[in-house]
Amino acid sequence: EAQLVESGGGLVQAGGSLRLSCAASGFAFDQYAIGWFRQAPGKERQGVSCISSSDGSTNYADSVKGRFTISRDNARNTVYLQMNSLKPEDTAVYYCATDQYYYCSGSQGYWGQGTQVTVSS
């Protein structure tokens, strides 16, 4: 059974840092790109970052570029999102999801349950 489980969310003051983890199981993790998404109350879900399986290339939303870093450890079937210099606007439920391909196509397959990130001012 394919499964993604996010962890690491919490409450942090503006300017602080959090590291989110996405632990995967039940599928060939190293063959899929993995993305992070977030959804704030009253807003649509938006893509945050993605990392490929083929060459490790990454992409980031403009709003987080320079502050967030995505990485993956295929040996541990885990993707991370290091979030630095957090802003109140980063407050959202963060989800990880597989892409349907080894590169970041933007078409998702499996989703995790989400983890709450709250940034206070």
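Let us look at the structure shown here. The structure presented is a predicted model; accordingly, all values stated were derived computationally and were not measured.

1. A look at the state of the cysteines
Link 1 in the chain: Counted according to the given criterion, the structure contains 2 disulfides.
Link 2 in the chain: There is a disulfide in this structure between Cys22 and Cys96, and the S-S distance comes to 2.0 Å. Disulfide Cys22-Cys96: the torsion about the S-S bond is 70°, which places it as right-handed. On the criterion of sequence distance, the pair formed by Cys22 in strand 3 (residues 18-25) and Cys96 in strand 9 (residues 92-99) is long-range, its members being 74 residues apart. Residue Cys22 shares its accessibility class with Cys96, and that shared class is buried.
Link 3 in the chain: Disulfide pairing places Cys50 opposite Cys104 at an S-S distance of 2.0 Å. Classification of the bridge connecting Cys50 and Cys104 rests on its S-S torsion, roughly -90°, and on that basis the disulfide is left-handed.

Reading guide: rules and limits
Residues numbered from 1 in each chain as written. Predicted model: local features only at pLDDT ≥ 70, side-chain atom pairs only at ≥ 80, totals over all residues. Heavy atoms only, no water. Disulfide = S-S within 2.5 Å. Helix = DSSP H or I, 4+ residues; strand = E, 2+ residues; numbered from the N terminus. Buried < 20%, exposed > 50% of the residue type's maximum accessible area, 1.4 Å probe, protein only.

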